[in-house]
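So the chains spell out like this:
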Amino acid sequence: MHHVFTAAVVWWLATIPAQAQTLKDDFDAHELDPLKWTTQQIQPDQMDFASDSRCGSGSIAVIVREGDGGAACEDDCQRAELRNAKEKWPAFGDEVWFSFSFRIDGDVPPTGSARSVIGQWKGPGDHSPMIAQRFDNGVFHITVQDNETRRVVAKAEGDPDRMLVAQAKLAKLDPRDERIANAVRALQSLDLLMKTQPNFTSEFLGENLQRALRAQGDQPESERLSRSLGLADGALITDFSAFAFVAEPEKYLGDADIEIISESNRPLPDPRQGWVDMLYRVKPGRTDNEVGPRRRGEVEIWANGDKIVTVKGNIGATIKKNDQLDLVGPYFKFGIYRLRIPGAFRFQFDEFSQGPTRGELASLCPSK
């Protein structure tokens, strides 16, 4: 009888939503709460508290300056990130809602700021984040990962629909073919040269190459350039310009089980222009998991009150039995993680809230 009662209690406790999912921080106290955040990937002088805020009397700012490095950097990078305390991580597979506001300022070069992550969610076994807010080459965008294959699901400025067309064409290319990866990287370099160094390109790049890169629709020059690079689809040359802002374009080659359902070509706001209010619904899952949630994952994203995109599919890393991973997370990190570039960059963050339902998130004040 005792064993039956114990089993019933365990089952009852398992049906209660984990309180670790609930976390709120408005940063009005102008100090970091160690019960909510950990600081192993940030130095004390990379944090500051500001009186200007999205709501209330304070916000937190993360700053990287020229010469800064970072903890756990794999190469010459700058890292200054705060993450949820592990006690606040949800059970992996639970639906979790996140809301927060952020803005950026400082030195933001239009090119050269590649591999800049300004917020990320990581689950068990993830190498790259399952969801990431990125700011490469002056463009705010959001990516979702299927194991090692990446997809942009939303972006600021430009033409999001055309970007998705270019991404779909990259998905048809073989990621194992190093010649194709090199061709895509070369195409990105040429596109950025055309956009940022017009005098150089007009003087040193041949007319045929310039016409191929500027062409709209099927053009002989684009077809020739495509063949010379080893790319099967000549139309990719003209569409790629809408995708050239991404870091590591080779990570977008090949199939990914990620369905992107966009809301009417709706772009993300530009965080250089003021506070951006983000809302995420995250329900992790993969159909090929050996343990953990064995279903398609789901992500929904809103910005400044507008629905931007719904994403469904195999999200994050496949979890194998032999990995023996703790099935907790995804945990959230905010701050700056990028390749080293000159200048000072400031990421300001406020009004963080995490909960098992949208109704349990903190209310946000009217826009200032």
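Relevant structure appears above.
Worth saying up front: this structure is predicted, and the values here are computed from it rather than measured.

Caption draft 1: A look at the overall build of the chain. Scanning the chain for helices and strands turns up 7 helices and 16 strands. Relative to its length of 368 residues, the chain is compact, with a C-alpha radius of gyration of 22 Å against a globular reference of 21 Å. If one aligns the C-alpha atoms of the chain with their principal axes, the spans along those axes are about 80 × 50 × 40 Å. A burial count over the chain gives 51% of its 368 residues as buried. For the chain, long-range pairs separated by at least 24 residues make up 70% of all intrachain contacts whose partners lie at least 6 apart in sequence.

Caption draft 2: Structural context of the packing of helix α5 (residues 207–214) against helix α6 (residues 220–229). The interhelical angle for the contact between α5 and α6, taken along N-to-C directions, is 100°, at an axis separation of 8 Å. Here α5 is positioned roughly perpendicular relative to α6, judged by the angle of their axes. On α6, the residues that touch N208, L209, R211, A212 and L213 of α5 are E221, S222, R224 and L225. Grouping the amino acids of the contact of α5 with α6 by side-chain chemistry returns 4 nonpolar, 2 polar and 3 charged.

Caption draft 3: Region of the structure containing the side chain of N314. Position of N314 relative to the elements: it lies in the loop between β14 (306–313) and β15 (331–339). Take N314: its relative accessible area is 7%, and that puts it in the buried class.

Conventions we followed
- Residues numbered from 1 in each chain as written.
- Predicted model: local features only at pLDDT ≥ 70, side-chain atom pairs only at ≥ 80, totals over all residues.
- Heavy atoms only, no water.
- Helix = DSSP H or I, 4+ residues; strand = E, 2+ residues; numbered from the N terminus.
- Rg over C-alpha atoms; globule rule 2.2 N^0.38 Å.
- Buried < 20%, exposed > 50% of the residue type's maximum accessible area, 1.4 Å probe, protein only.
- Contact = heavy atoms within 4.5 Å.
- Axes fitted to C-alpha atoms, helices over the stretch in contact; angles between N-to-C directions.
- Parallel < 35°, antiparallel > 145°, perpendicular 65-115°, else oblique.
- Nonpolar A, V, L, I, M, F, W, Y, C, P; charged D, E, K, R; others polar.

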